[in-house]
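Chain residues, written in single-letter form:
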2 protein chains.
Amino acid sequence: MTDAPNAPFAQPGSHDELELGDRLTPRFDAHGLVTAVVVDADDGAVLMLAHMNAEALAKTIETGVAHYWSRSRAKLWIKGETSGNLQRVAEIRVDCDQDAVLLKVRVDGHGASCHRGYRSCFYRAVPIGARAATATLAFAEPAPMFDPDAVYGSNAHGHGHSHDAAGHGTDGHSHD
Amino acid sequence: MTDAPNAPFAQPGSHDELELGDRLTPRFDAHGLVTAVVVDADDGAVLMLAHMNAEALAKTIETGVAHYWSRSRAKLWIKGETSGNLQRVAEIRVDCDQDAVLLKVRVDGHGASCHRGYRSCFYRAVPIGARAATATLAFAEPAPMFDPDAVYGSNAHGHGHSHDAAGHGTDGHSHD
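Here is what the cut-offs are and how they apply
Residues numbered from 1 in each chain as written. Chains lettered and ligands numbered in written order. Predicted model: local features only at pLDDT ≥ 70, side-chain atom pairs only at ≥ 80, totals over all residues. Heavy atoms only, no water. Helix = DSSP H or I, 4+ residues; strand = E, 2+ residues; numbered from the N terminus. Contact = heavy atoms within 4.5 Å. Least-squares fit on C-alpha atoms with pLDDT ≥ 70 in both. Buried < 20%, exposed > 50% of the residue type's maximum accessible area, 1.4 Å probe, protein only. Pairing = 2+ DSSP bridges. pLDDT = per-residue confidence, 0-100. Salt bridge = Lys/Arg side-chain N within 4 Å of Asp/Glu carboxyl O. UniProt positions renumbered as here; feature names shortened; annotations may be inferred. Buried area = accessible area lost by both parts, 1.4 Å probe. Polar contact = N/O pair within 3.5 Å; in protein donor to acceptor, adjacent residues only side chain to side chain. Nonpolar A, V, L, I, M, F, W, Y, C, P; charged D, E, K, R; others polar. Axes fitted to C-alpha atoms, helices over the stretch in contact; angles between N-to-C directions.

Engineer: Outline the overall build of chain A, listing residues and values.
Structural biologist: In terms of regular secondary structure, chain A is built from three helices and eight strands. Sequence-distant contacts, at least 24 apart, represent 48% of the contacts inside chain A between residues at least 6 apart.

Here it is as structure tokens:
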């Protein structure tokens, strides 16, 4: 890596080069991050959202194991490093203006990607046509696939911003 | 709507209520937004990422038609209002800590969700195992499904931040 702002990636070129070219020139945001959408490579289920800095994206591409940036811990985060639920990357896509990536993965271990033990972070459904203000969520997964207390320790939950949710990097929470 | 910060939604409660409860209490970020992942309801293909403010999320829930917040235009954005590619929402999920939603949609019109005319914004693949710095992207969709110049006008591209990409709300670009 060098000190160039996008290193090891090249800087984005013109609008057309960015969107229609064949060069990977990610557009990291003000925090140096792109968004990653993570889906199951076999059935396409959306598992989680997370964020990647340049190092996490480069390591994911080069190793085929999903690396993210933990915003709360301010460190590189290999998903599954605690739980064993590593994500093996079968395919990577980049979006039109290169500020988001899509990972198609196969998950080791329990096969779960959410810190709450569910397969997907998106385990609750919002009813359509309901009044938004009073919508009641329905659980859409039958049960968690592992016991978070057993994997992360019984004090790992309920402490707000002291950890990242393993299931996403969209806020300040995560295990793993 | 009231002046309450999360209106029309209730404020998030405790960590456990947020993650394991049955109440929709979205956690909007400092810009008042949550991230939306949009997939095809029939085959699960990831189509785009976008952002929603409280009004966009409420209207999406109540009408079953996808509404987003256009960051560049700073206005409510009904996806497909220009191109006709409206997104009919078959299912909505919320993630563990309620700062992201998943929409499963069926797309009207051309059936495309990217402002470049592709079905998905994620139309390019990144090779795994390559050196990240020199990765060559491979086009993963055979061709665009509509001609953006014909739909949006021939001057609509290449003007950087003057418009939003229809395909995502992850930067400052969008049509539609």
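Engineer: How would you sum up the relation of the copies chain A and chain B? Please name residues and give values.
Structural biologist: Rotating chain A by 180 degrees and translating it 0.0 Å along the rotation axis places it on chain B, where the RMSD comes to 0.0 Å. The superposition operator between the copies reduces to a two-fold rotation axis. The C-alpha atom lying nearest the rotation axis in chain A is that of Gly44 of chain A; the distance is 2.8 Å. With an isologous cut-off of 70% or more, the 100% of interface residues of chain A that recur at the interface of chain B puts this contact in the isologous class.

Engineer: Just give me the short version of helix 2 (residues 54-63) of chain A, but keep the residues and values in it.
Structural biologist: Given 3.6 residues per helical turn, the α-helix brings residues three or four places apart onto the same face. Among the residues making up helix 2 of chain A, those that are buried are Ala54, Ala56, Leu57, Ala58, Thr60 and Ile61 of chain A. On its buried side, helix 2 of chain A packs onto strand 2 (46-52), strand 3 (67-70), strand 4 (75-78), strand 5 (87-94) and strand 6 (100-107) of chain A together with strand 7 (124-126) of chain B. Looking one or two places after helix 2 of chain A, you find Gly64 of chain A, whose phi comes out positive at around 75 degrees.

Engineer: Got a sec to walk through the sheet that holds strand 2 of chain A? Specific residues and values, please.
Structural biologist: With mixed pairing, six strands are arranged side by side in an open sheet as 2(A)-1(A)-6(A)-5(A)-7(B)-8(B). Strands with a single pairing partner mark the edges of an open sheet, and in this sheet they are strand 2 of chain A together with strand 8 (138-139) of chain B. For strand 1 (residues 34-40) of chain A and strand 6 of chain A, the ladder comprises six bridges, and the chain directions are parallel. Each bridged residue has a counterpart across the sheet, and for Ala36 of chain A the counterpart in strand 6 of chain A is Val101 of chain A.

Engineer: Give a detailed account of the pairing of strand 1 of chain A, specifying residues and quantitative values.
Structural biologist: Residues and elements named next belong to chain A. Extensive coverage of strand 1 is indicated by the burial of seven of its seven residues. Residues Val34, Ala36, Val38 and Asp40 line one face of strand 1 and the alternating positions Thr35, Val37 and Val39 line the opposite face, and both faces are buried. Relative to strand 2, strand 1 runs antiparallel, the two sharing six bridges. For Val38, the partnering residue across the bridge sits in strand 2 and is Met48. Here strand 1 hands over to strand 2 after five residues, with Gly44 in that stretch at a positive phi of 80 degrees.

Engineer: Break down the confidence of the model for chain A for me, with residues and values.
Structural biologist: Residue and element names in this part refer to chain A. When pLDDT is averaged along chain A, the result is 88; 86% of the residues meet or exceed 70. Taken as a whole, residues 158-173 scores under 50 in pLDDT and shows 74 contacts with residues more than four places along the chain or in a different chain. Under the prediction, the complex receives an ipTM of 0.89, its pTM being 0.89.

Engineer: Quick one: what's the story with the pattern of salt bridges, residue by residue and with numbers?
Structural biologist: Two side chains of opposite charge can pair, provided their charged atoms sit close to one another. For the coordinates displayed, the defined rule picks out 20 salt bridges over all chains. Of the charged contacts in the structure, one is a salt bridge between Glu19 of chain B and Arg116 of chain A, with a shortest N-O distance of 2.5 Å. Taken as a pair, Glu19 of chain B in helix 1 (residues 15-20) and Arg116 of chain A in the loop between strand 6 and strand 7 (124-126) lie in two separate chains rather than in one. One exposure class covers both Glu19 of chain B and Arg116 of chain A, and it is buried. The partner of Arg119 of chain B in a salt bridge is Asp43 of chain B, with the nearest N and O atoms 2.9 Å apart. Of the two residues, Arg119 of chain B sits in the loop between strand 6 (100-107) and strand 7 while Asp43 of chain B sits in the loop between strand 1 (34-40) and strand 2 (46-52), which places them 76 residues apart along the sequence. Residue classification places Asp43 of chain B among the partly exposed residues on the basis of a relative accessible area of 47%. What you see here is one network of salt bridges that share partners, running through Asp16 and Glu19 of chain A together with Arg116 of chain B.

Engineer: Talk me through the UniProt feature "binding site: Zn(2+)" (unreviewed entry) in chain A; I want residue IDs and the actual numbers.
Structural biologist: Residue and element names in this part refer to chain A. The UniProt entry lists Cys96, Cys114 and Cys121 under the feature "binding site: Zn(2+)" (unreviewed entry), expressed in the numbering used here. A maximum C-alpha distance of 27.5 Å shows the annotated residues, which cover 26 residues in sequence, to be distributed over more than one spot. Mapped onto the elements, Cys96 comes out in the loop between strand 5 and strand 6. Within the fold, Cys114 resides in the loop between strand 6 and strand 7.

Engineer: So what's going on with the interface of chain A and chain B? Which residues, and what values?
Structural biologist: In this assembly, 69 residues from chain A lie in contact with 70 residues from chain B. Counting the surface lost from both chain A and chain B, the interface buries some 5400 Å², and carbon and sulfur atoms represent 59% of this. Of all residues in chain A, Phe122, Arg124 and Ile128 of chain A bury the most surface against chain B, accounting for 13% of the area lost on that side. Seen at the junction of chain A and chain B, the total is four salt bridges. Where chain A meets chain B, there are 32 residue pairs in polar contact (both at pLDDT 80 or more). Here the residues of the side of chain A that touches chain B are counted per class, giving 36 nonpolar, 17 polar and 16 charged. Across three bridges, strand 5 of chain A lies against strand 7 of chain B in antiparallel orientation. Residue pairing for strand 7 of chain B: Arg93 of chain A is matched across the bridge by Ala125 of chain B.

Engineer: An account of the sheet that holds strand 7 of chain A is requested, with residue identities and associated values reported.
Structural biologist: Judged by pairing direction, the sheet is mixed, and its six strands sit side by side in the order 8(A)-7(A)-5(B)-6(B)-1(B)-2(B) without closing on themselves. The open sheet terminates on both sides in strands that have one partner only, identified here as strand 8 (138-139) of chain A together with strand 2 of chain B. Helix-sheet contacts for helix 2 (residues 54-63) of chain B involve strand 7 of chain A together with strand 2, strand 5 (87-94) and strand 6 of chain B, and the interaxial angle to strand 2 of chain B is about 125 degrees.

Engineer: Could you give me a rundown of the UniProt feature "domain: Phosphoribosyl-AMP cyclohydrolase" (unreviewed entry) in chain A, with the residues and numbers involved?
Structural biologist: Within this structure's numbering, the places UniProt gives as "domain: Phosphoribosyl-AMP cyclohydrolase" (unreviewed entry) are residues 48-123 of chain A. Helix makes up 13% of residues 48-123 of chain A and strand makes up 38%, while its end C-alpha atoms are separated by 10 Å.

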